[in-house]
Amino acid sequence: MNITLKQLLAFTTVSRHLSFTKAAAELNLTQPAVSMQVKQLEEQIGQALFEQMGKKIYLTEAGREVRNYARTILQQVEDLDAHLSSFKDLERGTLRISVATTAHYFAPKLLSIFYKRYPGVNVKLDVSNREQLISQLENNEVDMVIMGRPPVETEIEGGVFMENPLVLIAPKDHIFGRERSIQLKRLEQEVFLVREEGSGTRKAMELFFKQHGIRMTTGMEVSSDEAIKQSVQAGLGLGIMSRDAVQNEMQLGHLIVPDILHFPIMRQWHVLHRKGKRLSPIALAFKTFLLNEASAILNREPHFDSMSQANTPVQDPHQTQFRTYEPAKPQTAITGPDGKPIPPVPLKKSLKI
Ligand code: PGA
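Note that the structure is predicted; figures quoted are calculated from it, not measured.

## Observations concerning the environment of Thr201
Okay, step 1: Mapped onto the fold, Thr201 is located in helix 7 (residues 200–211).
Okay, step 2: Judged by its relative accessible area of 7%, Thr201 falls in the buried class.
Okay, step 3: Taking the C-alpha atoms as reference points, Thr201 and Asn129, separated by 72 residues in sequence, lie 9.2 Å from one another.
Okay, step 4: When sequence neighbours within four positions are dropped, the list of residues in contact with Thr201 reads Thr102, Leu166, Arg195, Ile240, Met241 and Arg267.

Right under this line is the structure:
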């Protein structure tokens, strides 16, 4: 069967009006042109679609069947058109992002601001650990990911948008809370709760201990930052995690961040996508938003230093000027046992992982 959309459109319009003249007027065609389309369709199908009784025309049984299918086909073509145009459209696009487990502490705040700017955008947010993010990137399942360290095994593009210090956390009555400038060696007497294999935080932690020649005793393996915090509070061991994840507990005094030399472990948050991926306008707008604005929104240092693209703020298609950054003041001061703020460890002394 060789039928065309034009024929289906002419036929469904005639079937709705039960009049060739009215269908021609609606389609902006001549009446013979509409009759020709319907006739060609009937030839293809091998059956009459209309029958004439007196001055009126009616659908035949075959005509009713064809009308039902034709409506579905035309509706699907319309849906396809709407869907495809949403790829080109900043107002209605779909943004598929996946963020590292730890990034879920700040991603919703950024998304809520982005949403206000592009209210029609449909966001699909997935939260996974580092290993799963890499597989999503490789399989092109997402537009982009937010993670702590770019994978070496996959070709990617993107940049750094914010610092991500990893701090050591201890229960509030731990002896470390009463000391300053604690030597790393002392950590050998402690038990550490670790995230699951595949976690970026765990990798960074293991590398840090290895590079400093510190023997790490691992206790429970726990696959969520929330559960690690609870376990540390319960005295099951110490933990290391992104400062993003412990802001509340630090403020409430449920956990302490002791003054250990060489801490925090300095890392950065990256926004990454597969090399050469053609980002949709909405995905590009989100990437630009992260690179240009995220650190200011979250009141943090942008810390542009690890990937080439990250060093240049990207032009937002909706803004005419680049943003300039003021070094951000930390929202939460880390205080020592005497209540005085502990100055941040100078970046150059910190280890970048
Ligand atoms: P994680 O990732 O949640 O898998 O530990 C954080 C990161 O990539 O640094």
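Next, the rest of the story.
## With respect to the site of the ligand
Okay, step 1: Residues in contact with the ligand, as listed here, are Ala100, Thr101, Thr102, Asn129, Arg130, Gly148, Arg195, Ser199, Gly200, Thr201 and Arg267.
Okay, step 2: Contact distances for the ligand include 2.9 Å between an oxygen atom and a side-chain N or O atom of Ser199.
Okay, step 3: Contact with the protein chains covers 100% of the free accessible surface of the ligand, which is 280 Å².
Okay, step 4: The residue makeup of the shell around the ligand, split by class, is one nonpolar, seven polar and three charged.

## Details of unusual backbone geometry
Okay, step 1: With an omega of 0°, the peptide bond running from Phe263 to Pro264 counts as cis.
Okay, step 2: Along the chain, Pro264 turns up in the loop between strand 11 (255–256) and strand 12 (268–274).

## Here's the deal with the pairing of strand 6 (residues 156–163)
Okay, step 1: Counting buried residues along strand 6, seven of its eight residues qualify, which places the element largely inside the surrounding structure.
Okay, step 2: As paired strands, strand 6 and strand 12 are joined by seven bridges and run antiparallel to one another. Paired with Glu157 across the strands is His273, a residue of strand 12.

## Some remarks on helix 10 (residues 281–297)
Okay, step 1: Taken as a whole, helix 10 carries its principal kink of about 45° at Leu291.
Okay, step 2: With respect to burial, helix 10 is a largely interior element, 13 of its 17 residues being buried.
Okay, step 3: At the exit of helix 10 stands Asn299, carrying a positive phi of roughly 65°.

## Re the sheet that holds strand 6
Okay, step 1: The sheet built from five strands is open, its strands ordered 4-3-5-12-6 with mixed pairing. At either margin of the open sheet sits one strand with a lone partner, and together these are strand 4 (122–128) and strand 6. Going from strand to strand, the sheet's axes swing by 20° on average, the running direction of each strand aside.
Okay, step 2: Along the sheet face, helix 6 (residues 130–138) touches strand 3 (94–100), strand 4, strand 5 (144–147), strand 6 and strand 12 and points at about 160° away from the line of strand 5.

## So, the sheet that holds strand 11
Working definition: the strands of a sheet are paired by backbone hydrogen bonds and lie parallel or antiparallel to each other.
Okay, step 1: Spatially, the three strands line up as an open sheet ordered 10-7-11, and their pairing is antiparallel. Only two strands of the sheet have a single neighbouring strand rather than two, namely strand 10 (239–242) and strand 11.
Okay, step 2: In this structure, strand 7 (residues 166–171) lies alongside strand 10, joined through four bridges in antiparallel fashion. From the neighbouring strand, Ile169 faces strand 10, where its bridge partner is Gly239.
Okay, step 3: Set on the sheet, helix 7 makes contact with strand 7 and strand 10; between it and strand 10 the angle comes to about 125°.

## Some points on the packing of helix 8 (residues 225–233) against helix 9 (residues 243–252)
Okay, step 1: Contact pair helix 8 / helix 9: the axes reach a minimum separation of 10 Å and the direction vectors enclose 40°. Overall, the two elements helix 8 and helix 9 adopt an arrangement that is oblique. Crossing geometry of helix 8 relative to helix 9 is assigned as right-handed. Along its contact with helix 8, which presents Asp225, Glu226, Lys229 and Gln233, the element helix 9 presents Ala245, Val246 and Glu249.
Okay, step 2: Split by residue class, the contact of helix 8 with helix 9 holds two nonpolar, one polar and four charged.

Reading the values: the criteria
Each chain carries its own residue numbering, running from 1 in the direction its sequence is written. Only residues with pLDDT of 70 or above have their local features reported here, since the model is predicted, and side-chain atom pairs are shown and tallied only from 80 upward, although totals for entire chains, interfaces and linings are computed over all residues. To obtain the side-chain values, all non-hydrogen atoms of the structure were included, while hydrogens and water were left out. A helix here means a DSSP run of H or I that spans at least four residues, while a strand means a run of E at least two residues long, and both kinds are numbered starting from the N terminus. Any residue under 20% of the maximum accessible area for its type is buried, any over 50% is exposed, and the rest in between are partly exposed; the area is computed with a 1.4 Å probe on protein chains only. Contacts: residue pairs with any heavy atoms within 4.5 Å of one another. Note on terminology: near, applied to a residue and a molecule or strand, indicates that one of the residue's heavy atoms is within 4 Å of it. Counting of polar contacts relies on pairs of N or O atoms within 3.5 Å, with two restrictions inside protein: one atom must be capable of donating a hydrogen and the other of accepting it, and residues adjacent in sequence are counted only when both atoms are side-chain atoms. Computed by Shrake-Rupley with a 1.4 Å probe, the accessible areas treat only the displayed protein chains as cover when residues are assessed. Each residue receives one of three labels: charged for Asp, Glu, Lys and Arg, nonpolar for Ala, Val, Leu, Ile, Met, Phe, Trp, Tyr, Cys and Pro, and polar for the others, Gly being one of them. When DSSP finds two or more bridges between a pair of strands, those strands are recorded as paired. What we call the bend at a residue is the angle made by axes fitted to the seven residues finishing there and the seven residues starting there. Fitted lines through C-alpha atoms serve as axes, helices being fitted only where they are in contact, and the angles separating the N-to-C directions of these axes extend from 0 to 180 degrees. Here the angle decides the label: under 35 degrees means roughly parallel, over 145 means roughly antiparallel, 65 to 115 means roughly perpendicular, and every other value means oblique. With the far helix as reference, a near helix turned anticlockwise by less than a right angle produces a left-handed crossing, and one turned clockwise produces a right-handed crossing.

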